[in-house]
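Per-entry structural report
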There are 4 protein chains.
Amino acid sequence: FKFLNLYGKQLALAYPDSEVEGIKDDSVELMVKTKKSYVLAGNEWKKDPTLVKVKDVEVGGNKVVVAAGPCAVESEEQTLTVARAVKRAGASLLRGGAYKPRTSPYSFQGLGEEGLKILRRASEETGLPVVSEILDARDRDAFVKFADMIQIGARNSQNFTLLREAGKMGKPVLLKRGLGNTVEELIQSAEYILMEGNGNVVLCERGIRTFEKSTRFTLDLGGMVAGKLMTHLPFCADPSHPAGKRELVHSLALASVAAGADMILIEVHPKPEVALSDSEQQLTPDSFQLLMERIKALASVLGRSA
Amino acid sequence: FKFLNLYGKQLALAYPDSEVEGIKDDSVELMVKTKKSYVLAGNEWKKDPTLVKVKDVEVGGNKVVVAAGPCAVESEEQTLTVARAVKRAGASLLRGGAYKPRTSPYSFQGLGEEGLKILRRASEETGLPVVSEILDARDRDAFVKFADMIQIGARNSQNFTLLREAGKMGKPVLLKRGLGNTVEELIQSAEYILMEGNGNVVLCERGIRTFEKSTRFTLDLGGMVAGKLMTHLPFCADPSHPAGKRELVHSLALASVAAGADMILIEVHPKPEVALSDSEQQLTPDSFQLLMERIKALASVLGRSA
Amino acid sequence: FKFLNLYGKQLALAYPDSEVEGIKDDSVELMVKTKKSYVLAGNEWKKDPTLVKVKDVEVGGNKVVVAAGPCAVESEEQTLTVARAVKRAGASLLRGGAYKPRTSPYSFQGLGEEGLKILRRASEETGLPVVSEILDARDRDAFVKFADMIQIGARNSQNFTLLREAGKMGKPVLLKRGLGNTVEELIQSAEYILMEGNGNVVLCERGIRTFEKSTRFTLDLGGMVAGKLMTHLPFCADPSHPAGKRELVHSLALASVAAGADMILIEVHPKPEVALSDSEQQLTPDSFQLLMERIKALASVLGRSA
Amino acid sequence: FKFLNLYGKQLALAYPDSEVEGIKDDSVELMVKTKKSYVLAGNEWKKDPTLVKVKDVEVGGNKVVVAAGPCAVESEEQTLTVARAVKRAGASLLRGGAYKPRTSPYSFQGLGEEGLKILRRASEETGLPVVSEILDARDRDAFVKFADMIQIGARNSQNFTLLREAGKMGKPVLLKRGLGNTVEELIQSAEYILMEGNGNVVLCERGIRTFEKSTRFTLDLGGMVAGKLMTHLPFCADPSHPAGKRELVHSLALASVAAGADMILIEVHPKPEVALSDSEQQLTPDSFQLLMERIKALASVLGRSA
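Numbering of residues starts from 1 in each chain and follows the order in which that chain's sequence is written. Chain letters start at A and ligand numbers start at 1, both assigned in the order the entries are written. Where local features are concerned, this predicted model is filtered to residues with pLDDT of at least 70; where side-chain atom pairs are given and counted, the filter is 80 or more; whole-chain, interface and lining totals use all residues. Only heavy atoms go into the side-chain values, all of them from the structure, while hydrogens and water stay out.

Quick notes on the overall build of chain A
- A run of DSSP states H or I qualifies as a helix once it reaches four residues; a run of E qualifies as a strand once it reaches two. Both are numbered from the N-terminal end. Scanning chain A from terminus to terminus reveals nine helices and 13 strands.
- By principal-axis analysis of the C-alpha atoms, chain A measures approximately 60 × 40 × 40 Å.
- For chain A, with 306 residues in total, the buried portion stands at 67%.
- Across chain A, the fraction of contacts at a sequence separation of at least 24, relative to all contacts at a separation of at least 6, is 67%.
- Note on areas: Shrake-Rupley with a 1.4 Å probe; residue coverage comes only from the protein chains shown. By element, 47% of the accessible surface of chain A is carried by carbon and sulfur atoms, the whole surface being about 10,100 Å². Throughout this description, buried means an accessible area under 20% of the type-specific maximum (1.4 Å probe, protein chains only), exposed means over 50%, and partly exposed covers the range between. Between two residues, a contact is recorded if the distance between any of their heavy atoms is within 4.5 Å.

Observations concerning the interface of chain B and chain C
- If you look at the interface, chain B gives 37 residues, while chain C gives 37 residues.
- Buried area: the accessible area, evaluated with a 1.4 Å probe, that two parts lose upon being put together, summed over both parts. Both sides of the chain B and chain C interface together cover about 2,900 Å² of buried area, and 51% of this is carbon and sulfur.
- Among the residues of chain B in contact with chain C, T103, P105 and Y106 of chain B are the three that bury the most area, contributing 24% of the side total.
- Salt bridges are identified by distance alone: a Lys or Arg side-chain nitrogen within 4 Å of an Asp or Glu carboxyl oxygen. Joining chain B to chain C, the criterion identifies four salt bridges.
- We note a salt bridge from R138 of chain C to E165 of chain B, for which the minimum N-O separation is 3.2 Å.
- Those elements that provide at least two residues to the side of chain B that touches chain C are α4 (160-168) and α5 (183-194) of chain B.
- For the side of chain B that touches chain C, the per-class residue count stands at 14 nonpolar, 13 polar and 10 charged. Only Asp, Glu, Lys and Arg are considered charged, only Ala, Val, Leu, Ile, Met, Phe, Trp, Tyr, Cys and Pro nonpolar, and every remaining residue, Gly among them, polar.

Overview of the sheet that holds strand β10 (residues 173-176) of chain D
Residues and elements named next belong to chain D.
- Here eight strands make up a closed barrel; going around it, the order is β6-β7-β8-β9-β10-β11-β12-β13 and the pairing parallel. This sheet shows a mean twist of 25° between the axes of neighbouring strands, independent of strand direction.
- Pairing between strands requires that DSSP locate at least two bridges from one strand to the other. Here β10 runs beside strand β11 (residues 201-205); their pairing, made up of four bridges, is parallel. Across the sheet, the residue bridging to L174 is V202, located in β11.
- Across the sheet, helix α6 (residues 221-228) is in contact with β11 and β12 (235-237); its angle to β12 comes to roughly 170°.
- Here helix α9 (residues 285-301) sits on the sheet and contacts β6 (65-69) and β13 (263-267); the angle it forms with β6, its principal contact strand, is near 175°. Note on geometry: axes are C-alpha line fits, over the in-contact stretch for helices, and angles between N-to-C directions span 0 to 180 degrees.

Quick word on unusual backbone geometry
- A positive phi angle, near 50°, is found at Y7 of chain B, a position not held by glycine.
- Along the polypeptide, Y7 of chain B turns up in the loop between β1 (2-6) and β2 (9-14).
- With a phi close to 45°, D278 of chain D is a non-glycine residue in the positive phi region.
- Structurally, D278 of chain D can be placed in the loop between β13 and α9.

A short note on the relation of the copies chain B and chain C
- Overlay of chain B on chain C (RMSD 0.0 Å): rotation 180°, translation along the axis 0.0 Å. The operation mapping one copy onto its partner corresponds to a two-fold rotation axis. In terms of proximity to the rotation axis, the leading residue of chain B is G180 of chain B, whose C-alpha is 2.0 Å off the axis.
- Mapped onto chain C, 100% of the interface residues of chain B are again interface residues, and the two copies thus contact each other with one and the same surface. Least squares is the method used to superpose the copies, on C-alpha atoms of residues holding a pLDDT of at least 70 in both.

Notes on the sheet that holds strand β8 (residues 130-133) of chain B
Residues and elements named next belong to chain B.
- If you trace the eight strands once around the closed barrel, you get β6-β7-β8-β9-β10-β11-β12-β13, paired in parallel fashion. Averaged over all pairs of adjacent strands, the angle between strand axes in this sheet comes to 25°, irrespective of strand direction.
- Note: strand β6 (residues 65-69) against strand β7 (residues 93-95), two bridges, orientation parallel. Bridging across to β7, A68 finds its partner in L94.
- Along the sheet face, helix α8 (residues 249-259) touches β12 (235-237) and β13 (263-267) and points at about 170° away from the line of β13.
- Each of β6 and β13 is contacted by helix α9 (residues 285-301), which is oriented at about 175° to β6, the strand it contacts most.

Focus on the domain arrangement of chain A
All names here are of chain A.
- Here chain A is described as being made up of domain 1 (1-35) and domain 2 (42-301).
- Domain 1 and domain 2 are separated by 32 Å when their C-alpha centres are compared.
- Every contact between the two is made by 10 residues of domain 1 and, on the other side, 11 residues of domain 2.
- Both sides of the domain 1 and domain 2 interface together cover about 780 Å² of buried area, and 74% of this is carbon and sulfur.
- Considering only the surface of domain 1 that becomes buried against domain 2, K2, L6 and Y7 emerge as the three largest contributors, covering 62% of it.
- Where domain 1 meets domain 2, there are zero salt bridges.
- Between N or O atoms, a polar contact is any pair within 3.5 Å; within protein, one atom must be a potential hydrogen donor and the other a potential acceptor, and residues adjacent in sequence are included only when both atoms are from side chains. Between the two partners, domain 1 and domain 2, sit two residue pairs in polar contact (both at pLDDT 80 or more).
- When residues of the side of domain 1 that touches domain 2 are traced back to their parent elements, those giving at least two are β1 (2-6) and β2 (9-14).
- Residue contributions to the side of domain 1 that touches domain 2 peak at four residues, all from β1.
- The residue makeup of the side of domain 1 that touches domain 2, split by class, is seven nonpolar, one polar and two charged. Segmentation of the chain into domains, including their bounds, is taken from an automatic or database domain assignment.

Some thoughts on the pairing of strand β1 (residues 2-6) of chain D
Residue and element names in this part refer to chain D.
- With five bridges connecting them, β1 and strand β2 (residues 9-14) associate as antiparallel partners. Bridge pairing in β2 places F3 opposite A12.
- Taking the residues between adjacent antiparallel strands as the criterion, β1 and β2 are bridged by two residues, where Y7 takes a positive phi near 50°.

Concerning helix α1 (residues 76-89) of chain A
Residue and element names in this part refer to chain A.
- If you check α1, its first and last C-alpha atoms are 20 Å apart, about what 14 residues at 1.5 Å a residue would give, namely 20 Å.
- Those residues of α1 lying buried are Q78, T79, L80, V82, A83, A85, V86 and A89.
- Among the structural elements, β6 (65-69), β7 (93-95), α2 (113-126) and α9 (285-301) are those in contact with the buried residues of α1.
- Once α1 finishes, G90 follows within two positions and takes phi at roughly 115°, a positive value. Multiplying one less than the number of residues by 1.5 Å gives the expected span of a helix.

Regarding the state of the cysteines
- Cysteine sulfurs are considered disulfide-paired once they come within 2.5 Å of each other. Under the criterion given, the structure shown has zero disulfides over all chains.
- Left unpaired, C71 of chain A is separated from the closest cysteine sulfur, that of C204 of chain A, by 13 Å.
- Accessibility expressed as a relative area gives 2% for C71 of chain A, which makes it buried.
- Not part of a disulfide, C204 of chain D finds its nearest cysteine sulfur in C236 of chain D, a span of 3.8 Å.

Quick notes on the pairing of strand β10 (residues 173-176) of chain C
All names here are of chain C.
- The alternating pattern of β10 places V173 and L175 and L174 and K176 on opposite faces, both of which are buried.
- We call a crossover right-handed when, viewed with the strands running away from us, the connection from the first strand over the helix to the second turns clockwise. What joins strand β9 (residues 149-152) to β10 is helix α4 (residues 160-168), and the crossover it makes is right-handed.
- Each parallel crossover has a hand, and the one from β10 via helix α5 (residues 183-194) to strand β11 (residues 201-205) is right-handed.

With respect to the nonpolar core
- Ranked by internal contacts, the top residues of the largest apolar core, which has 172 residues, are L175, I266 and F288 of chain C together with L175, I266 and F288 of chain D.
- Ignoring any residue separated from it by four or fewer positions in sequence, one finds F288 of chain D in contact with V66, A68, V86, A89, A91, I266, V268 and L283 of chain D.
- Among buried residues, the Ala, Val, Leu, Ile, Met, Phe, Trp, Tyr and Cys ones that are joined through side-chain atoms within 4.5 Å form a nonpolar core. Of all hydrophobic cores here, the second largest spans 171 residues; its members include Y38, V130, L135 and V249 of chain B.

Thoughts on the packing of aromatic side chains
- Think of it this way: a Phe, Tyr or Trp ring, Trp meaning its six-membered ring, pairs with another when their centres are within 6.5 Å, and the plane angle makes it stacked under 30 degrees, edge-to-face over 60, tilted otherwise. Applying the stated rule across the entire model yields 12 aromatic pairs over all chains.
- Aromatic side chains Y7 of chain B and W45 of chain B sit 6.2 Å apart centroid to centroid with 40° between the ring planes, which places their arrangement in the tilted category. Of this pair, Y7 of chain B sits in the loop between β1 and β2 while W45 of chain B sits in the loop between β3 (30-33) and β4 (52-54), placing them 38 residues apart in sequence.
- In this analysis the charged atom, NZ for Lys or CZ for Arg, is taken to sit over a ring once it is within 6 Å of the ring centre and within 35 degrees of the ring normal. The side chain of R206 of chain C reaches across the aromatic face of F217 of chain C, ending 4.3 Å from its centre.

Comments concerning the packing of helix α6 (residues 221-228) of chain B against α8 of chain B
Residue and element names in this part refer to chain B.
- The contact between α6 and α8 brings their axes to 10 Å, and the two run at 20°. Taken as axis vectors, α6 and α8 run roughly parallel relative to one another. Seen from above, α6 lies across α8 with right-handed handedness. Only A255, S256 and A259 of α8 make contact with α6, whose side of the interface consists of L221, M224 and V225.
- Among the residues making up the contact of α6 with α8, the classes are represented as five nonpolar, one polar and no charged. An angle counts as roughly parallel when it lies under 35 degrees, as roughly antiparallel when it exceeds 145, as roughly perpendicular when it falls between 65 and 115, and as oblique in every other case. By the definition used in this description, the sense in which the near helix is turned from the far one sets the handedness, with an anticlockwise turn below a right angle giving left-handed and a clockwise turn giving right-handed.

Some details on the pattern of salt bridges
- Counted according to the given criterion, the structure contains 84 salt bridges over all chains.
- Ionic pairing is found between R95 of chain A and E267 of chain A, a salt bridge with its closest N-O pair at 3.9 Å. Residue R95 of chain A is found in strand β7, and its partner E267 of chain A is found in strand β13 (residues 263-267); the two are separated by 172 residues along the sequence.
- With a relative accessible area of 5%, R95 of chain A lands in the buried category.
- Taking the shortest distance from any N to any O, the salt bridge between R177 of chain B and D220 of chain B comes out at 3.0 Å. Of this pair, R177 of chain B sits in the loop between β10 (173-176) and α5 while D220 of chain B is found in the loop between β11 (201-205) and α6, placing the two residues 43 residues apart along the sequence.
- For R177 of chain B, a relative accessible area of 0% gives the class buried.
- Three or more residues are tied together by salt bridges with common partners; here these are D136 and R138 of chain A together with R140, D141 and E165 of chain D.

Right, here's the structure in full:
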C-alpha cells in the first residue's frame, strides 16, 4: 500500500483490497480500497468539487476560465501580440505550444525551451499564467521554471510514464482526453497523477475520433457532462481542435460553456492564415474578443461569470 | 430531367449534367445541374434560411421551438397529462410515438393508429401541433389525417422508399440522422424529400454511434454546426436519446441551444420510472418546466426567443 | 403470446415472461420466455447450426457458398456475361441489384422489376439461384416471382416493417448488418424475421463505420466470429463493400473464409471501369476466377469445400 | 535538411521542399522532398518489401513469423514454461511484457528490469529472440542489453519522444497502431523511427476503438491490407487483444494470416485463468500448439511457410 497526502487529507491506498486490514497508522484519516479502477479521482470519497489553482486563477469555481493563445509559439512578437490581445479581451490564462507533437515529423516541431521562455516573458508583461504542453519527462526542469500549468496532450493521455512525472512536478496539470479514449479512461489517467500526491488536475474534452468527416474530431460534450458526475475534478473543453475550421469555433465554445465546462481553451493567432500549425482553426484577436463577450453574456445567465 | 416547384420557384433538375442543355421551357427559373451529391438541400442556390411551418409554429426563425412529449403514447390520460404540462411550461409542439421502432421485437411496439388519435385529441385540447414518427409508407393516410409533422426516425434515415413517400405527403418532415450516417448523408437524405417538391424539412441531430460508453449515443453538435453551413434547412437537436440518462438532458439541451439549434426535442413522461420505453431518459413535467425556463433565459442572451 | 412453427418445432412465445404460465396447449413443444432481447435467433434453445436452403444450395454446411455478380443489373448482356463467368468459375449463387439504395438521389437507381426479370433469365440459363435486394415492401410480388433469396441491405437493417414483410414472404433472407449497428442488433433484426415463422436467415457482415479512411468501411471479422457464438444462423461476409478498392478484395475475401464465413458475396462486372455503381470495387471475371481458386484451396485446408 | 543512411542508401531529406536545391553532396544517392506526410516509410522510393531481421528471424519474407508468450512476465517458472511450449509448437519469437502499461494504476504494473532478465534467460535456453514493450525512454539501457526487438505499444503510438528514442536504439522495432489512429498515422509514426536511421520497423495492427461491443477492439484487417499498399514495411497482426476472449483468437489469427500478415502475435499462458493481466484472452500451450498447426497448413496453401 501507499501513503499519500491529498487535498489536505492523510490517505492510505491499499491494493489489493485485502491489504487494507494490515494498515496500522493512527494519522491515516482514510483507508481507500481500490476495488474500482479509479478511486482518488472519483467523487465517492470527495463530494465537493475540486478547485485547481493556477497561480491566482481558480478553475472549477464560479468563473468560467478562458485560456487563449497561439497553437504554437512562433516568435516573441507573435506571442506578445496575442498575449496582449487575449488579456485585453478578458482571458485568464495564456496558452501556447513550445514543444509540438506533430503527426508528421516534417511539420514544424516548435521552438522548444526558447518557446517556453517567450511564453514566460509574455506572462510577465500581461500577468497571465502560462499553460504549455510537455512531451518528454526529461524536459521537466524547463517546465518547472517557465510554465504555470503543465498540459498533457491527447496523444500522451495514456503515456503513464509522463503522467507519473507530471504528478511529481508539483504544478497543476491540464490533462487532455486521448482521441480513442473513453471518459472513464481519462479519469483513470488522472488517477496516475493524483497517486503522486498532486490533486490539481483539470480534465479536458477535446474531441474524439469518429466516422464524421465535416469536423476534424467529434467534440463529446455528452461525455464531459457524464464525466462531471463521475469525478470531483473540473472539466475544460477545447472547441478549437475538434472544429478544425474557425467558422465552427464560436458555436462550439458557447455550447461547451452551456454544457457546464469550467474552462475553455481557444487558439488565437495574429494572422491565422500564415500560422505554422493549425492554421485553419485559430481565431483572429478580433474574433476572440467577440467570443469573450458572448461567453460572458452566456455565463451570466447560467449563474456564472467569465 | 425533372421539373419541380420548390420554395415558390420553378426548377428543372438535370442529371446527368449534360442534359441541362436540352431543357427548353421559359417558365423555368433555375436549371440545376446535379454534379454534387445534393443540390436542392444545399445553400448555393438558396442563401436564405428556410422557415418550416408546422401549422402556425415556425421552425428556423428567431424562436427556438421546443417539441416535448412522451417517448411513446401509452394511454390517453398519460398523453393528456404530459401535453397540458408541456403546453403550460411553454413548449410549441407535442411529440409522441404511436408506432415505435424497437431494436427488440419483444419491446412495446406502440399503440399504432390509436396512438395517433390520442395525440390528435391532445392537440385539439392544447393547441399544440403534433409530431409523430412514421415507420411504414402504408400508414400514410393515418398520418395525413392525424399528424402535423411527420418524423422519419434514425433507423429509417436512409430508407429511401419512406423518404420519397414523406416527400409526397405534403406535411413538414422532421428527418433524424442515422446512427451511422455522416451529416452530409443526412442532407442527401433530405434531398430525396425535396425532390418530391416538399421543401419543409427540419434536420435532426440525435447522436451517433461511437466507442464512448458513458452516454447512449454521442451527440454531435459539431456536426450540427458544420451542417448549418452546408444547408438552408433548419436543424433540430434531440438531447434525450444520446443522453440516455435524465441527469444529462438539461446540460445537453442548453448546449444544443447555445450551438444554434432551431428546434429541441425533449422526452417528458408523467412518471418516467414506469414508462414503457426510454424510461431512463424522460424528464418529469417539473424538470421540463425548469428546463424551459433555462432555455428561455439562454435564448434571450443569444438574441433569440424560446 | 404468439404461436409459431419454426425449424419443425411448435413454439409458444410469451412476452412478458409472466404470461408463459397461461399457455395451455399440449401440442406446444417449447415455451419461450423472452427475457433476453432475442431468443429465436439465439443458440440456447437450438444448439445445431441452421442450414439455409436457397433452392438446392445450402448455406451453413460444409461448403463455403460464393454468391457473385454485378453490383447493379445494367443490361441483359452485362448480366448474362457475368452470370456465365461466375458460374464457370464456380460460384453457387448469382447476386445482382435491381432496386438500388443510393445515398444520392441523382445516382443510378437500378432497373427495378426489369432488372429482376433479367436476373431470372440469367438464372434460368446458368442454373444459379438469384439473390437480390428489396427496398420496398410493396414490391413483394415481384420478388416472390423472380428472386430466390431476398436481401435486406445495410440501410434497412433496422427497417422493422421490411423485416416483418421479408419474414412473411417465405423465401430465404440475406440480412445485412447496418453501418452503425452492433452484431447483437443484427441478430435482433433477424429475430423479427424468425418471429414470422421464417427461419431461413443468413446474417451478413459488410463493414461498419469507423474513423479509418483507407477503406470505405471497416470489415468487422471479429464481430462475425463473436456473432457465430451467439446464434445458430449462418454468417456471410461481403468483402467488396468495405474494401471500396478492388486491390483489397482478394485478401479480405480469403480472411473472411479463414475466419469462418459460411458464404461470401463478391461483386463482379465485365468492365468495372464503366460500371454504373461501385465501379472501384468490382472484380473482373478473370480476377474472380483466380479468387475462386484461392478460396477453394483455402477452404480445403480448413476442412471445408467451396 | 538531414543526411541519413537507410537500407544501405545515402539519403538527404529536405523539408521544406525548396531546400532540396541547396544540397550539394556527391555521395548523396537520393534527395527526398517531403511534400507528403511520410516519405521514408512509403513505397514510392523503395519498391521492394523490407525484411526486418530480429537476430536470425526474418519478418517480411516468405515465412509467417509467430511471436508468442505471456502477456506479462510473472515469474521465471511461468515464463520458462511458456517459452519452452511455444518453441516446441513452432513459434519463432518469444514475446512477454516486463513493463506493463495499465489503464488503471492499481493493476499489476509488471516486474520491470527483472522481467527483462527473465525473458533473456528464457531466450538463452530456447534460442527464441525476445520482443518486449518499452514505456519510458529512460529504460533504454536495459532494453539494449536484454531485448532483441523493442515494442512500442498502442498507447504510445504517437509518443514522438519514445519513437525517436526507439529509432536511436539500433534494435528492430515492433510499432503498434494506436486505438484511435488511422493506418496512415501509424505509417507516419514509423517515419519518426526511420528518420533516426533505423529502418527495421514492423507495423502492427491490433484493433481499433469502435462502437461494437462483442469484442474488446475491432481488428482492422482491411486497414492492414490497405496499409501494405502504402508502405514497404512488413505488417504484424495481434488477434489476442481485439478478441478479448480466447474463443475468438484462433479464427482471427487465421484470418490475419489469410489477409497477408507477415507476423502474428499470440498471448500464451500456462494457466490463463490465474494470469495477472489479460486473463480472458491468453491461450493455453495446448491450444497454441493446435493454432500453430492450423497456421502452418494455411500458410502452405498461400505459398508461404510458418
